[in-house]
Amino acid sequence: MITHNWQISYFCRQNFYDMEKIISNEFKDTRSGFGAGLVEAGNHNPNVFALTGDVTGSVKMGDFKTAFPQRFIQVGIAEANMIGISAGLALSGKVPFAGAFAGFISGRVYDQVRMTVAYSNMNVKIAASHSGLTVGEDGATHEMMEDLGLMKMLPNMVVLNPCDYNQTKMATIAAAE
């Protein structure tokens, strides 16, 4: 497995500039792809809502908040409540996107996701950013390596793990349909 990952990494480095021309002409992070996709989904579907746990900038929901303030809910540092609110919105026909750091939205609130979203088969979209060991100065309390594993094993849960800005934007738009 390590060799396989190295080979992919080596291939990407060797072909990066050709791939860059095909994919994009500038560097954009995946979080920004989520934010752009969320705004586009909100433009096409008036039932799209965005909820966050006091990390609007980190999960790139700021443009959605500006464009659709009536469909943006800031729950504060209360991710478990955010999942419950999202399930309630889904019950009323809305398409909620709940966004926070992976460690908080998949780990800290696992029971709420499991019972309220997965077992109940609610149409809730959970956007987890800052997965793995990439959160820099935020440190170990904000890192999580097992988030994908936790979510993948739940019933009625579909896990998307896009690799770049464009895939993330398109996945977000598709998830809203």
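For the structure itself, consult the block above.
A short tour of the structure in this document, coming up. Keep in mind that what you see is a predicted model, and the values were worked out from it rather than measured.

1. Considering the packing of aromatic side chains
Under the counting rule described, the total for this entry stands at 3 aromatic pairs. The interplanar angle of 50 degrees and the centroid separation of 4.9 Å between the aromatic rings of F64 and F68 together place this pair among those described as tilted. Exposure remark for F64: the relative accessible area of 1% places this residue in the buried category. Ring geometry for F101 and F104: centres 6.0 Å apart, planes at 15 degrees, overall stacked. Accessibility classification places F101 together with F104 in one group, the buried group. Over the face of the ring belonging to Y165 we find K28, whose NZ or CZ atom lies 4.5 Å from the ring centre. Sitting over the ring of F68, R71 keeps its end group 4.1 Å from the ring centre.

2. Some points on the environment of G99
Structurally, the position occupied by G99 is in strand β3 (residues 95-101). Among the residues examined, G99 registers a relative accessible area of 0% and is labelled buried. In the structure, G99 is positioned 26 residues away from K125 in sequence and 8.4 Å away in space, judged by C-alpha atoms. When near neighbours in sequence (up to four residues on either side) are disregarded, G99 contacts L51, T52, G53, V55, V59, M61, M82, I105 and A127.

3. With respect to the nonpolar core
Counting residues in hydrophobic clusters, the biggest one holds 41 residues, and the most contacted among them are L38, V48, F64 and F97. At the level of secondary structure, the elements contributing two or more residues to this core comprise α3 (30-44), β1 (48-52), α5 (79-91), β3, α6 (102-108), α7 (110-118) and α8 (147-152). F97 has contacts with F34, L38, V48, F49, A50, L51, M61, K125, T172, A175 and A176, leaving out every residue within four places of it along the chain.

4. A few points about the pattern of salt bridges
One pass over the full model with this rule turns up 3 salt bridges. Of the charged contacts in the structure, one is a salt bridge between K169 and E40, with a shortest N-O distance of 3.6 Å. You can see K169 sitting in helix α9 (residues 165-175) and its partner E40 sitting in helix α3, a full 129 residues away along the chain. The partly exposed category is assigned to K169, whose relative accessible area is 23%.

5. Quick word on α9
Every α-helical turn comprises 3.6 residues, leaving residues that sit three or four positions apart pointing alike. Inspection of α9 places Y165, T168, A171, T172, I173 and A175 among the buried residues, and these make up the whole buried set. In this structure D164 caps α9, since a side-chain oxygen of it lies 3.3 Å from the backbone nitrogen of N166.

6. Thoughts on the pairing of β1
In terms of burial, β1 is a largely internal element, 5 of the 5 residues being buried. Of the two faces of β1, the one lined by V48, A50 and T52 and the one lined by F49 and L51 are each fully buried. Relative to β3, β1 is paired through 5 bridges, and the arrangement is parallel. By the bridge assignment, L51 is partnered in β3 with A98. Here 3 bridges tie β1 to strand β2 (residues 72-74), and the two strands are oriented parallel to one another. If you follow A50 over to β2, its bridge partner there is F72. Regarding the hand of the β-α-β motif, the stretch spanning β1, helix α4 (residues 62-67) and β2 is right-handed.

7. So, the side chain of H130
By the element assignment, H130 lies in the loop between β4 (125-129) and α8. Only 2.7 Å separates the side chain of H130 from the side chain of S129, close enough to count as a polar contact.

What counts, and at which threshold
Residues numbered from 1 in each chain as written. Predicted model: local features only at pLDDT ≥ 70, side-chain atom pairs only at ≥ 80, totals over all residues. Heavy atoms only, no water. Phe/Tyr/Trp six-rings, centres within 6.5 Å; stacked < 30°, edge-to-face > 60°. Buried < 20%, exposed > 50% of the residue type's maximum accessible area, 1.4 Å probe, protein only. Lys NZ or Arg CZ within 6 Å of the ring centre and 35° of its normal. Helix = DSSP H or I, 4+ residues; strand = E, 2+ residues; numbered from the N terminus. Contact = heavy atoms within 4.5 Å. Core = buried A, V, L, I, M, F, W, Y, C linked by side-chain atoms within 4.5 Å. Salt bridge = Lys/Arg side-chain N within 4 Å of Asp/Glu carboxyl O. Polar contact = N/O pair within 3.5 Å; in protein donor to acceptor, adjacent residues only side chain to side chain. Pairing = 2+ DSSP bridges. Right-handed = clockwise from strand over helix to strand, strands pointing away.

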